[in-house]
Amino acid sequence: MTGMNSPHQTNRITGTHVKGGGRVDRSRPVSFTFDGTSFSGFEGDTLASALLANDVHLIGRSFKYHRPRGLLGLGSEEPNALIQLARGNRTEPNTRATQIELFDGLVAQSQNRWPCLKFDVGAVNQLFHKLFPAGFYYKTFMWPASFWMAYEHVIRHAAGLGKAPEGPDPDRYERMHAHCDILVAGGGPSGLAAALAAARTGARVILADESTEFGGSLLSEDDVEIDGLPAADWVAQVVAELRSMPEVTLLTRSTVNGYYDHNYLTIAERVTDHIGAVVPNVPRQRIWKVRAKRVVLATGTIERPLVFRDNDRPGVMLSSAVRGYAVRYGVLAGQRPLIVTSNDDGYRTALAMHDRGARIACIVDLRTEPDGALVDAARSRGIEIHAGHSLVGSLGRGRVQGAEIARMTGDGTGLNGAVRRVDCDLIAMAGGFNPTVHLFSQSRGKLTWDPERFIFVPGTNHEPQVSVGGCNGDFTVAQAIKDGLQKGVEMAREAGFTGRKPAAPEVSEPKSTAERTLWLLPSTRPVGHKGKHFVDFQNDVTAADLKLATREGYRSIEHVKRYTTTGMATDQGKTSNVNALAIVSETLGVDVTQVGTTTFRPPYTPTTIGAYGGRDIGALFDPVRTTAMDGWHRENGATFEHVGQWMRAWYYPKKGETLRQAVDRECLAARTGVGLLDASTLGKIDVHGPDAAEFLNRIYSNAWLKLGIGRCRYGLMLKDDGMVMDDGVTTRIAEDRFHMTTTTGGAAGVLAWMEEHLQTEWPELKVHLTSVTEQWAVASIVGPKSRDVLAKLNDLDLSNDAFPFMSMREGTVAGIPARVYRISFTGDLAFEVNVPRRYGRALWEAVMAAGAEFDITPYGTEAMHVLRAERGFIIVGQDTDGSVTPSDLGMDWIVSKTKPDFIGKRGMARPDLQDPHRKQLVGLLTEDPNEVLPEGAHVVADLKPQPPMVMLGHVTSSYYSPNVGRSIALAVIKGGHGRHGQTLSVPLVGRSLKVTVCEPVFFDKDGSRKDG
Amino acid sequence: MDEARALSALDGVTGHSGGAWDAGIVLTEVRFPTLLNLRGTAADAAFGAGVEAALGVVLPAAPNTVSQADERAVLWLAPDEWLVVATGEVEGLQGNLEDAVSGVFATVVDLSDNYVCIRIEGAQARRVLQKGWTLDLHPRAFGVGQCAQSMLAHAGAILRQTSDVPGYEVIVRPSFAKYTWDWLVDASAEYGHRVG
Amino acid sequence: MVGIRRGVVGKASYSLFALARNALSYHEDWREAWRSPEPKKHYKVIIVGGGGHGLATAYYLARVHGIRDIAVLEKGWIGGGNTGRNTTIIRSGYLWDESIALYEHALKLWETMSQELNFNVMFSQRGVINLSHSVHEMREMRRRYEAVRLNGVDIEMLSPSEIKKMVPIINIDPNIRYPVMGGILQRRAGTARHDAVAWGYARGADDMGVDIIQNCEVTGFRRKADGAIEGVETNRGFIGADKVGCVPAGHSAVLAEMAGFKLPIQARPLQAMVSEPVKPCIDTVVMSNAVHMYISQSDKGELVLGAGTDSYNSYAQRGSFNIAEHLMAATVELYPITSRLRMLRSWGGIVDTCPDASPILSKTPVPGLYFNCGWGTGGFKATPGSGHVFADLIANDRPNAIAAPFALDRFRTGYLVDEHGAAGVAH
Amino acid sequence: MQQIPCPWCGPRDDWEFHYGAEAHVARPETPSDKSDEDWMGYLYLRSNTKGPFRERWMHAAGCRRWFNVIRNTVSHEVFAVYKIGETPPPLPGEAPAAPDTTER
Ligand SMILES: Cc1cc2nc3c(=O)[nH]c(=O)nc-3n(C[C@H](O)[C@H](O)[C@H](O)COP(=O)(O)OP(=O)(O)OC[C@H]3O[C@@H](n4cnc5c(N)ncnc54)[C@H](O)[C@@H]3O)c2cc1C
Ligand SMILES: NC(=O)c1ccc[n+]([C@@H]2O[C@H](COP(=O)([O-])OP(=O)(O)OC[C@H]3O[C@@H](n4cnc5c(N)ncnc54)[C@H](O)[C@@H]3O)[C@@H](O)[C@H]2O)c1
Ligand SMILES: Cc1cc2nc3c(=O)[nH]c(=O)nc-3n(C[C@H](O)[C@H](O)[C@H](O)COP(=O)(O)O)c2cc1C
Ligand SMILES: [Zn+2]
């Protein structure tokens, strides 16, 4: 397969008679492969210029008809030449050959063809193309109804262009925040001038250009001089000055790709793509997120293709691109070019090609009487000019071999002369320039249609910004620079800097005369009857398709877009949008302004998803929060559970233990001996101030004013709709100070909720809230032996009288200053020891050591769940889901009847919340005590052999309880409080279980164990 | 107290120096500074005077500024909230402060364990931080004597500039300390970092 | 089928045969899919909002209830609201019985929609998988699975390896931040070609005489002396109507305020994006609440990615960049091969979010004025069912059993259908 | 990405804030007096204005203070920021409002 092509480089300009040989470094040859064949180019080439230099024109296949396609453009506007780049996990589909910089060893592959580019089986689609007008798929593939999935399979495999890599991306991507006074998008003459003028005031400037070097269109011109210097030298001079200024950031290969609210812009920088090697630790691409005080848009122009029959043949290119390949890369895209033009700019291409040794086939000028210096220059070189002619169609197989031209009627809508064939190997289309207004539009600026010049130009802007140069409709270098300098300094002044506008340089450039805009060149037969007149090249949308759409009633340009897919390809219509809407407006007989444009959306050019993701992947995707004892848990074989962002010890299996075995052991130990739980993740809030008690009284459903100092109370927090929001134990530390605990997941929400009420509803209350969640590490010593363990570490009197249930004592534990709370989430005697976080592990180890003689058993969240369920304690968010009231939970006892108001009181009084048939919390016991109901299973009264069945509710918590010696479950079921004793069914897949409804308390029903 | 038994959330995390080349990014944990959350009414002269008397530092009134004297710094966090960062001799500091403001509606909460403080210094420190810190750290916008609260990547953080090197301190909650440290090391990879 | 024009003029019917025949005349004889008439002075029913739901309502009013004197007023172009900018996920596996009934009603209609409308809406029953990433989510997922199953609707539970088999590009490494612990799959669920739904209903409704009037913005309501609706003010003048049904999605609160009442609705930005097209690499729809992302691949080959809402009110049809950024990080995290693909286009819609994440299908304080809104982030899937029951509500002036739980009164009584719990990103 | 000007910390990206929807909706002083209709209004019915809108934001990632903003919900232009309890400035094109008595 791979044979080194002789580097004949037929199209590379040689000899010394031409002005320059392009900006490639001819002393540095570079070899690469395309579809397995080796070629060579030079450093500074793009894949596109190197392929052209090697006379390769056929580069890709189109989306729908699989038509052979070559290069159309020079830069990011390219719709056709899409490449599958590189191999393995570094492969990259749909990459524009025009933006791929050549490096040694580059591997490129054509796409969307099988088995190979020259003989593509998919091209049979062309035979049936008549059946495939725009939107054909809406009209067929409907029968038989069940066949759509099969049709779809085929359609999907035919579509899709390139291939995704098969494995993860080995490269690194980064993101960077930046701020500046002036962001300049585009580094052509206007952008350079604006950046220079702004920078000289001392402003912070970022100048970004998507190309490999600054200069923009100037790098593609050989007939422009600035201050007596060739344009490229002037560019170098300006760039050198900018580079010397410390507050200027220069970014090449950097596309300003998104313009968001309030002058927030993103820039996609390709950092290492062009060197083809991986630099360790250096990102392949970088997304800059810039907040700019002012923005200067200097994004230049994109040339318009002309719409004529078979205008998609390889060898039909944009005129400015043809010139760019010649001047910038030293490559002749053809030896015998034909130029079809609506304006003088086409002549510049003709001259540039002629002067580099091409034989110009002819210039087909749409204007009837072209005139002026450029036309004279062409005439003086003996170039044939066909004025008032149309290019009827291209000819050739695989590549342009000729063209048909004919004289047009005066109004440009028809032909009035014989069709003549002209031999040529390249057709350069000069259809006029469109200002690149994408970013302006993304920023919600309003476009204005300039009916004289047939272009959209920026109208009123929405953000603090200006457009200069080509993108503002100013098409001369002199004006671009003058305006750039002026606007650059104005923007700097608006950003708070002072300075004077630098003097504009002397510019010599060819003068242009008027153009004649025709959107669709007249042909021998109506469009759609013979050949195809392409508007959107990549998506194969033709002028006939656009007309069909309007005929079928899809008249809004947005409907046309979606029905035909024009402008929806990877180039987002950079070369097709204006032609499409102009053809639609002509067809409908309405003004272009009435048709309007489709919406410009980020990104300006497609941008790597990985770059946007940056380093927010893998371990850095989202923080994992751990407690002070985390290291111990890990070292002692715990398994873990994610609870929100926290990582909590789930259970501690001993060798060979299953989850069930480990949890059974942990649960038994906590009831019969002593267990130890890391409870550090519970939310903790310091509630402090003279009105703290009053505040809690409003926030919680129960009463708080009279709680004694050193005493604890359980509280339920409701929302104003009456539904349970959070719960926890709160302790009065001092007259004016409480220590509140919340659920692990609810902590942040509860704090925010309370702050909101303090700041906005009750600003008169003197209360300060401070999150102290992480100030404290918490070890819960639980079980009948807990007092014995703690006694070894502590000099407090731990007796029930001295230290009663629901109270708090300060002292030391294991020599560490601590707050000890006698509260219990299992119902058994328990002590929650809080110490400053730094001592969390020391405390844990001390307790483990002291407990060794009692066989102290660390337990995790799973056992914690079982233990609390044995006592019927709820978990907010598991046994409740935002639609459960205290009454539903059977917790009316915690709802004050006497307080005139608290949050949730009024909400609970609403009719549905008073309905006795609401879902209510109950216990469930299975017939078989060893059968553990699946959590989430549903309960029915009326069991049917098959679904559907009427459901009463679902199982919220379900475990095997070794302490009760059977399975237990909590459930919320309709009218549950009135169903105790009833037998109901739980239908599972393929079987069902009988359950008896009971009180949701399974162990220690009288609550006598709390004192040990 | 028994400092030997005190563990920071970064113990076992900070690891070794690494990265591409030594660009002088130095990452250091500032171990166990005393951190006190102070709430009160800025406009209340007695409150301001009390704070100054207890700490020897003027209460910063301007948002996002820091008052500093020797080993005491007071960071503005909110119109009625400050963070006292103290190193060196801190014995009795909280009590003194509490006493000094006891006459007014003010609270002092010890948060010394509620945060971890990481110092990042070096020529590229600003660039490293800007990978995940959205606020402008350019000297024209931020400097010594200023602080701000925002997110450093995905961790809520208090940031203040401590030197013109530049050097900064990043204060995060301990459960985010490992993430933050790992993030800083990763962000420094381009330049290389040293553990101070 | 009531095919007024289609039945008579065979040429208007869509088929492969019709395509072939029209090819002979260079496709120049296709007739318009819907007319663009001038508004009449008065209609029996006016539907405000030419999205999928509004058009479907008009279609079923004509088709099922025989009312032909209908106008659909659309301020822009039909389908240009959320119908034209959603990620097209269709499923019925919700949490509450009321929701399952509504969405399953819709799903059944999806299954025959292309044939009924003679317009290929490409309803692709490729399956939708909802992932769980924690013990807690596994529990909630099981609850939803059982609820759906016992409603008699298809649903399956999948293990990580079964998910991997169906979705080879997914990362099921148990050590990642949000490990895939399991999922539920509804095989009958899938996607459809969103624009075609609007166009197909428009064509079908137009066929039966419904006037579809674009570029016609309702700017106010006129009421009779007795308070009942008299018609609508528009930028094209007053148009009278016996009944008015409002189906304005993101603009529902705006229209309600014009009619003098408030709705429990907040308009929030919701974003989506597509990658460049590539050859098929993911054959099902996969959603993940925990990481706020969902993914599918369109028939053209783009990966269609959706995110969570922004938290502020906005009518700008654009969201904040950080949401998009997070979505892409999450995409790479769960589907590492996407890293080198490129994002092609991103956009936003305005979703009308309701406190209980369920829609409003209701009479209003104004007699003769009905609202269908509050579909928030997940109403595309309901399009046919919503139109069907809303047409019934308008025609009979009372909700049927499916619509009844979604009346406005639930916000007074407290009988909410809270789909937040298990739905999260509620598509 | 919008910039919301925190009255204390200065302009910050919108994600730093918690959004509080319509401003100046006070929780009723004596909820028990309210009808179910009124309670529905307080719980759920909030203006959702298209255009200049008075709304609440809280600087969650910074000073954690609530404040009010007048922002155009279409253009995202921010016209004014004022503190809780301050008299709301007029909406663009509106006469100055009466002093705020709702204390929100
Ligand atoms: C990014 C995104 C992704 C989504 N993904 C999904 C998904 O995967 N699955 C899913 O089921 N749902 C999804 N949704 C939600 C879904 O798109 C909507 O719920 C659904 O499309 C609503 O349809 P509709 O017809 O009610 O609204 P729309 O299509 O928005 O139609 C309402 C119409 O009313 C018009 N209108 C408004 N005001 C007036 C007026 N005054 N006068 C005249 N006309 C007016 C509007 O112009 C609009 O055309 C998503 C939404 C978004 C934005
Ligand atoms: N003769 C004519 O009729 C004619 C017509 C149009 C334009 N022009 C030329 O237009 C020029 C005007 O200069 P100019 O500076 O406005 O344009 P320019 O085309 O010289 O430069 C624009 C630059 O912007 C960059 N760019 C575009 N979009 C970008 C983005 N999103 N992010 C980053 N970079 C981006 C391009 O890479 C390019 O370098 C004159 O030099 C003139 O020759 C001439
Ligand atoms: C499912 C789906 C697939 C899409 N595919 C493409 C696409 O391939 N190319 C494209 O340019 N836009 C695509 N879009 C986006 C539309 O171009 C457009 O952004 C979207 O409908 C919102 O409209 P707006 O951007 O005009 O406001 C797609 C949209 C959806 C909903
Ligand atoms: Zn703030």
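Computed from a predicted model, the values in this text were never measured in an experiment.

1. Describing the packing of aromatic side chains
No. 1: By the definition in use, this model includes 49 aromatic pairs over all chains.
No. 2: Seen from their ring centres, W449(A) and F454(A) are 6.5 Å apart, and the 75° between their planes marks the pair as edge-to-face.
No. 3: Looking at F454(A), the relative accessible area reads 27%, which means it is partly exposed.
No. 4: Just above the ring of F640(A) sits the side chain of R634(A); from NZ or CZ to the centre is 4.3 Å.
No. 5: R203(C) extends its terminal NZ or CZ atom over the ring of Y14(C), reaching a point 3.6 Å from the ring centre.

2. Brief notes about the packing of helix α4 (residues 189-200) of chain A against helix α5 (residues 231-243) of chain A
Residue and element names in this part refer to chain A.
No. 1: One way to put it is that α4 packs onto α5 with a least axis distance of 10 Å and a crossing angle of 30°. With respect to their mutual orientation, α4 and α5 come out roughly parallel. Relative to α5, α4 is oriented so that their crossing is left-handed. Of the residues in α5, those touching α4 at P189, L192, A195, L196, A199 and R200 are W234, V235, V238, V239, E241 and L242.
No. 2: Its residues placed into classes, the contact of α4 with α5 shows 10 nonpolar, no polar and 2 charged.

3. Here's the deal with the site of ligand 1
Residue and element names in this part refer to chain C.
No. 1: Around ligand 1, the structure places 39 residues, and the nearest of them are E74, N82, T83, T87 and K381.
No. 2: The separation between a nitrogen atom of ligand 1 and a polar main-chain atom of V218 is 2.9 Å.
No. 3: K381 has a polar backbone atom sitting 2.7 Å from an oxygen atom of ligand 1.
No. 4: Here ligand 1, which alone exposes 1000 Å², has 97% of that area covered by the protein.
No. 5: Tallying contributions element by element places strand β10 (residues 266-275) first for the shell around ligand 1, with 3 residues.
No. 6: Within the shell around ligand 1, the residues separate by chemical class into 15 nonpolar, 19 polar and 5 charged.

4. Notes on the arrangement of the chains
No. 1: The top pair by number of contacts, from a total of 5 pairs of chains in contact, is chains A and C.
No. 2: No interface is formed between chain B and chain C, the nearest pair of C-alpha atoms being 11 Å apart.

5. Here's the deal with the interface of chain C and chain A
No. 1: Counting residues at the interface gives 99 residues for chain C, matched by 122 residues for chain A.
No. 2: For the pair chain C and chain A, the two sides together bury roughly 9700 Å², of which 56% comes from carbon and sulfur.
No. 3: Of all residues in chain C, L150(C), R177(C) and R340(C) give up the largest surface area on contact with chain A, accounting jointly for 10% of the area buried on that side.
No. 4: Counting across the chain C and chain A interface gives 12 salt bridges.
No. 5: A salt bridge links D261(A) to R318(C), with the shortest nitrogen-to-oxygen separation between them at 3.1 Å.
No. 6: Linking chain C to chain A there are 59 residue pairs in polar contact (both at pLDDT 80 or more).
No. 7: Residue assignment for the side of chain C that touches chain A shows that the elements contributing at least two residues are α2 (16-24), α4 (97-117), α5 (135-150), α7 (194-207), α9 (321-334), β14 (342-353) and α11 (410-413) of chain C.
No. 8: Among the elements that take part in the side of chain C that touches chain A, α5(C) stands out by supplying 11 residues, more than any other.
No. 9: Counted by class, the side of chain C that touches chain A contains 44 nonpolar, 27 polar and 28 charged residues.
No. 10: Relative to β14(C), strand β32 (residues 607-608) of chain A runs antiparallel, the two being bridged by 2 bridges.

6. Focus: the site of ligand 2
All names here are of chain A.
No. 1: In the vicinity of ligand 2 there are 27 residues, among which S190, D209, S217, V256 and G470 approach most closely.
No. 2: A distance of 2.8 Å separates a nitrogen atom of ligand 2 from a polar backbone atom of V256.
No. 3: A distance of 2.6 Å separates an oxygen atom of ligand 2 from a polar backbone atom of G470.
No. 4: Protein chains shield 92% of the accessible area of ligand 2, which is 840 Å² for the free molecule.
No. 5: Of the residues that constitute the shell around ligand 2, the class distribution is 10 nonpolar, 13 polar and 4 charged.

7. Regarding the sheet that holds strand β3 (residues 18-22) of chain D
No. 1: Spatial ordering of the open sheet is given by β3-β4-β5-β6 (chain D), a layout of 4 strands whose pairing is antiparallel. The sheet is open, and its two edges are formed by β3 and β6 (78-83) of chain D, each paired on a single side. Looking at each pair of strands side by side, their axes are set apart by 30° on average, direction ignored.
No. 2: Taken together, the 7 bridges between strand β4 (residues 52-58) of chain D and strand β5 (residues 66-72) of chain D define a ladder with antiparallel strand orientation. Within β5(D), the residue paired with E55(D) across the bridge is V69(D).
No. 3: Here helix α19 (residues 747-761) of chain A sits on the sheet in contact with β4 and β5 of chain D, set at roughly 85° to β5(D).

8. Some details on a nonpolar patch on the surface
All names here are of chain A.
No. 1: Taken together, W114, V121, V124, L127 and F128 make up a surface patch of nonpolar side chains, about 570 Å² in accessible area.
No. 2: As for its position among the elements, W114 is in the loop between β7 (106-110) and α2 (136-139).
No. 3: W114 gets classed as exposed once you look at its relative accessible area, which sits at 62%.

9. Remarks on unusual backbone geometry
Residues and elements named next belong to chain A.
No. 1: With an omega of 0°, the peptide bond running from W114 to P115 counts as cis.
No. 2: Along the chain, P115 turns up in the loop between β7 and α2.
No. 3: Notably, N281 is not glycine yet its phi reads approximately 70°, a positive angle.
No. 4: Along the chain, N281 turns up in the loop between β14 (264-270) and β15 (285-297).
No. 5: Judged by relative accessible area, N281 falls into the partly exposed class, the value being 27%.

10. Points about helix α8 (residues 373-380) of chain A
Residues and elements named next belong to chain A.
No. 1: All of the buried residues in α8 are L374, V375, A377 and A378. Considered in projection along α8, the buried side chains sweep an arc of 160° and stay on one side of the axis. Every exposed residue of α8 that faces more than 90 degrees away from the buried side is listed here: A373 and S380.
No. 2: Each element contacted by the buried residues of α8 is listed here: α7 (345-355), β19 (362-365) and β20 (385-387).
No. 3: One or two steps after α8, the chain reaches G382, where phi turns positive at roughly 80°.

11. Brief notes about the domain arrangement of chain C
Residues and elements named next belong to chain C.
No. 1: On domain assignment, one finds that chain C holds domain 1 (33-111 + 193-264 + 356-413) and domain 2 (128-187 + 267-353).
No. 2: Taking only C-alpha atoms into account, the centre of domain 1 sits 28 Å from that of domain 2.
No. 3: Counting residues at the interface gives 28 residues for domain 1 and 28 residues for domain 2.
No. 4: Surface buried jointly by domain 1 and domain 2 totals about 2200 Å² across both partners, of which 59% is contributed by carbon and sulfur atoms.
No. 5: Ranking the residues of domain 1 by area buried against domain 2 places R85, T87 and I89 at the top, with a combined share of 27%.

12. As for the interface of chain B and chain A
No. 1: Taken residue by residue, the interface counts 47 residues in chain B and 53 residues in chain A.
No. 2: For chain B, the biggest contributors to the area lost against chain A are R5(B), F105(B) and D113(B); these three give 17% of the whole.
No. 3: Remark: the boundary between chain B and chain A carries 7 salt bridges.
No. 4: A salt bridge links D181(A) to R140(B); the nearest nitrogen and oxygen atoms lie 4.0 Å apart.
No. 5: Here chain B and chain A share 24 residue pairs in polar contact (both at pLDDT 80 or more) between them.
No. 6: At the level of secondary structure, the elements contributing two or more residues to the side of chain B that touches chain A comprise β2 (34-39), β6 (107-110), α3 (125-130) and α4 (177-188) of chain B.
No. 7: Residues that form the side of chain B that touches chain A fall into these classes: 19 nonpolar, 12 polar and 16 charged.

Rules of the game
Residues numbered from 1 in each chain as written. Chains lettered and ligands numbered in written order. Predicted model: local features only at pLDDT ≥ 70, side-chain atom pairs only at ≥ 80, totals over all residues. Heavy atoms only, no water. Phe/Tyr/Trp six-rings, centres within 6.5 Å; stacked < 30°, edge-to-face > 60°. Buried < 20%, exposed > 50% of the residue type's maximum accessible area, 1.4 Å probe, protein only. Lys NZ or Arg CZ within 6 Å of the ring centre and 35° of its normal. Axes fitted to C-alpha atoms, helices over the stretch in contact; angles between N-to-C directions. Helix = DSSP H or I, 4+ residues; strand = E, 2+ residues; numbered from the N terminus. Parallel < 35°, antiparallel > 145°, perpendicular 65-115°, else oblique. Left-handed = near helix turned anticlockwise from the far one by under 90°. Contact = heavy atoms within 4.5 Å. Nonpolar A, V, L, I, M, F, W, Y, C, P; charged D, E, K, R; others polar. Near = heavy atom within 4 Å. Polar contact = N/O pair within 3.5 Å; in protein donor to acceptor, adjacent residues only side chain to side chain. Areas by Shrake-Rupley, 256 points an atom, 1.4 Å probe, with all protein chains shown as cover. Buried area = accessible area lost by both parts, 1.4 Å probe. Salt bridge = Lys/Arg side-chain N within 4 Å of Asp/Glu carboxyl O. Pairing = 2+ DSSP bridges. Patch = residues over 30% accessible without salt bridge, like charges linked within 9 Å, V, L, I, M, F, W, Y side chains within 5 Å. Arc of directions from axis to C-beta. Domains from an automatic or database assignment.

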